[in-house]
Structures are given as C-alpha cells and as structure tokens.
Amino acid sequence: ETGVTQSPTHLIKTRGQQVTLRCSSQSGHNTVSWYQQALGQGPQFIFQYYREEENGRGNFPPRFSGLQFPNYSSELNVNALELDDSALYLCASSLGGLAGGEQFFGPGTRLTVL
Amino acid sequence: AQSVTQLGSHVSVSEGALVLLRCNYSSSVPPYLFWYVQYPNQGLQLLLKYTTGATLVKGINGFEAEFKKSETSFHLTKPSAHMSDAAEYFCAVTIREYGNKLVFGAGTILRVKS
C-alpha cells in the first residue's frame, strides 16, 4: 500500500510568482486536505476536496486554489506569492471526511518565497 | 470556533522519566481530539484520538491521553521517555459538524536527554 506522496519536496519562488504543489493520496482514499505549516506554528487548514468537489475552506484568500482529479490526487495552486506564503505545505488523505476518521499525512512540500 | 492551546513550546525530560505534554481546547460542543507526532522532515503521524466513549485513550509507542471535559484538557503522557520520542507533538481538535478538518495547536518540541 502506497502512502501519501507530495511533490516537489522543496522549491524556491520569488514574490508575485505562481506555484503548483501536488499530492497523491493513499490508495482507496477519496478525500484530500491541505494544510499550511509556517515555521514554529501548527498546521492551518487551507481546504479539503471530497470526490473532486471542494468540501470546506479555511481562512485563506482566493489566490489559494485547488483541484482534485478523478484518481483523487490533488493540486494546490498559489497565485501572486507573498513572503508570508513561505511554509511547509502538508497534504492529508482520508476515506471520507468524517470527524473521527484518521487522516494520513504526506511529508510535505517546503516552499520558500524570496 | 474551536481552538487549542499547548502549554510549553519546548519540554525537556531525561530518558526513562515521565513525559507530560499539555493540551487545552476550546469548544462549545463535544470535541474530537487528536495527538500527532512530527519527526524532522516528515509528515504528521497519528498517535491517538478521542471521539466518544472511554476518556482514557491509549495510542502507539506507549503514549496515552485522558479527555477531561471539566478541565477542557487532553494531556499526553508516557510513563518512560525513550530517546526515539524526541520530536514535535501537536494536539488537534475538531467537531462532528466540521468533519475531519483539524484545528491544531502550535506544537511542543520534546527533547529527551540521555
């Protein structure tokens, strides 16, 4: 069974650029959640996708957008990058989005915005 | 809205000593509570969770936590620390209506001294 994978591992962008981060969910999982973890802080919920539809969004501006594909993999897109977008971006997959359900996290993508 | 406070950003214990990591939550409705561990350059791994039922929850690697409604707490303990326990620990909360969209605390870095 393959776990959650994310790509790339690291990347560096400059202010104003756009970035796409990718996540492959664990086999059999239909739900993907994205979190932003700034240095020294806990992860913050960005949004969740369930069966290709957005299923909840945290307090992030519209320049943070996402997609989920028929194979349940997902992308996080960030436009007009700002310095404060520098963080570790975590993807988590689960089977459904029920409150007691376990989420399986990938290793993250570390984004640095210069 | 739900929130989590983790008391102590850094905790240091000797190998073999008791580990106690503190977590207090805020929620107006019954919470679902989680503890995750994060090793360097890795994603989050679930240690244990409380949904309903028994308030003392046992998890992996010898950790356990007790849900105390009257104290709005969910402290994580382990009777005897091992060097391999050195990591960052996150407490998280959600409620049934929010599904598995988690609100995390800021984390506690556990150092284990030999």
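Computed from a predicted structure; not experimentally measured. (Residues numbered from 1 in each chain as written. Chains lettered and ligands numbered in written order. Predicted model: local features only at pLDDT ≥ 70, side-chain atom pairs only at ≥ 80, totals over all residues. Heavy atoms only, no water.)

A.B. asks: Residues and numbers for the interface of chain A and chain B, please.
C.D. replies: Taken together, the contacts link 24 residues of chain A with 22 residues of chain B. Taken together, the two surfaces of chain A and chain B that pack against each other cover about 1600 Å², and 54% of this comes from carbon and sulfur. If you sort the residues of chain A by the area they bury against chain B, P43, A99 and F105 of chain A come out on top, with a joint share of 32%. Where chain A meets chain B, there are 0 salt bridges. At the boundary of chain A with chain B, the tally comes to 7 residue pairs in polar contact (both at pLDDT 80 or more). Those elements that provide at least two residues to the side of chain A that touches chain B are β4 (31–37), β5 (44–50), β6 (53–57) and β9 (87–94) of chain A. For the side of chain A that touches chain B, the element with the most residues is β9 of chain A, which contributes 3 residues. Along the lines of polarity and charge, the residues of the side of chain A that touches chain B split into 9 nonpolar, 14 polar and 1 charged. (Contact = heavy atoms within 4.5 Å. Buried area = accessible area lost by both parts, 1.4 Å probe. Salt bridge = Lys/Arg side-chain N within 4 Å of Asp/Glu carboxyl O. Polar contact = N/O pair within 3.5 Å; in protein donor to acceptor, adjacent residues only side chain to side chain. Helix = DSSP H or I, 4+ residues; strand = E, 2+ residues; numbered from the N terminus. Nonpolar A, V, L, I, M, F, W, Y, C, P; charged D, E, K, R; others polar.)

A.B. asks: Tell me what's going on with the sheet that holds strand β1 (residues 3–7) of chain B, and back it up with residues and numbers.
C.D. replies: All names here are of chain B. Ordered by their spatial adjacency, 5 strands build an open sheet running β1-β3-β8-β7-β6, and the pairing between neighbours is antiparallel. The open sheet has two free edges, formed respectively by β1 and β6 (56–58), since each of these has just one partner strand. Between one strand axis and the next, the sheet turns by 20° as a mean value, whatever way the strands run. (Pairing = 2+ DSSP bridges. Axes fitted to C-alpha atoms, helices over the stretch in contact; angles between N-to-C directions.)

A.B. asks: Describe the packing of aromatic side chains, and please don't skip the residues or the numbers.
C.D. replies: All names here are of chain A. All told, the structure shown has 13 aromatic pairs over all chains when counted by the stated rule. Look at Y35 and F45: their rings are 5.7 Å apart centre to centre, the planes differ by 65°, and that puts the pair in the edge-to-face class. On the criterion of sequence distance, the pair formed by Y35 in strand β4 and F45 in strand β5 is long-range, its members being 10 residues apart. (Phe/Tyr/Trp six-rings, centres within 6.5 Å; stacked < 30°, edge-to-face > 60°.)

A.B. asks: Which residues make up the environment of V112 of chain B, and what values do they have?
C.D. replies: On the secondary structure map, V112 of chain B appears in strand β11 (residues 108–113). Considered as a pair, V112 of chain B and H82 of chain B are 30 residues apart in the sequence and their alpha carbons are 7.0 Å apart.

A.B. asks: With reference to specific residues and values, describe the state of the cysteines.
C.D. replies: All names here are of chain B. Scanning the model with the defined rule gives 2 disulfides over all chains in all. One disulfide in the model links C23 with C91; its S-S distance is 2.0 Å. Taking the sign of the S-S torsion, -60° for the link of C23 and C91, the bridge is left-handed. Of this pair, C23 sits in strand β3 (residues 19–26) while C91 sits in strand β9 (residues 87–95), and the two are 68 residues apart along the sequence. (Disulfide = S-S within 2.5 Å.)

A.B. asks: Residues and numbers for the pattern of salt bridges, please.
C.D. replies: Summed over the entire model, instances satisfying the criterion amount to 7 salt bridges over all chains. Residue E54 of chain A pairs with R57 of chain A through a salt bridge whose shortest N-O separation is 3.6 Å. Take E54 of chain A: its relative accessible area is 41%, and that puts it in the partly exposed class. The salt bridge involving K78 of chain B is made with D85 of chain B; its shortest N-O contact spans 2.9 Å. This pair shows no difference in class: K78 of chain B is buried, exactly as D85 of chain B is. (Buried < 20%, exposed > 50% of the residue type's maximum accessible area, 1.4 Å probe, protein only.)

A.B. asks: Describe the environment of T109 of chain A, naming the residues involved and giving the relevant values.
C.D. replies: Residues and elements named next belong to chain A. Here T109 shows up in strand β11 (residues 109–113). Using a relative accessible area of 0% as the deciding quantity, one classes T109 as buried. In this structure, the C-alpha to C-alpha distance between T109 and F47, residues 62 residues apart in sequence, is 16 Å. Apart from residues no more than four positions distant in its own chain, T109 is found in contact with Q6, S7, P8, T9, L11, L21, A87, L88 and Y89. Polar contacts involving the side chain of T109 include one to the main-chain carbonyl oxygen of P8, which spans 2.5 Å.

It is worth stressing that arrangement in space is one thing and function is another; only the former is reported here.
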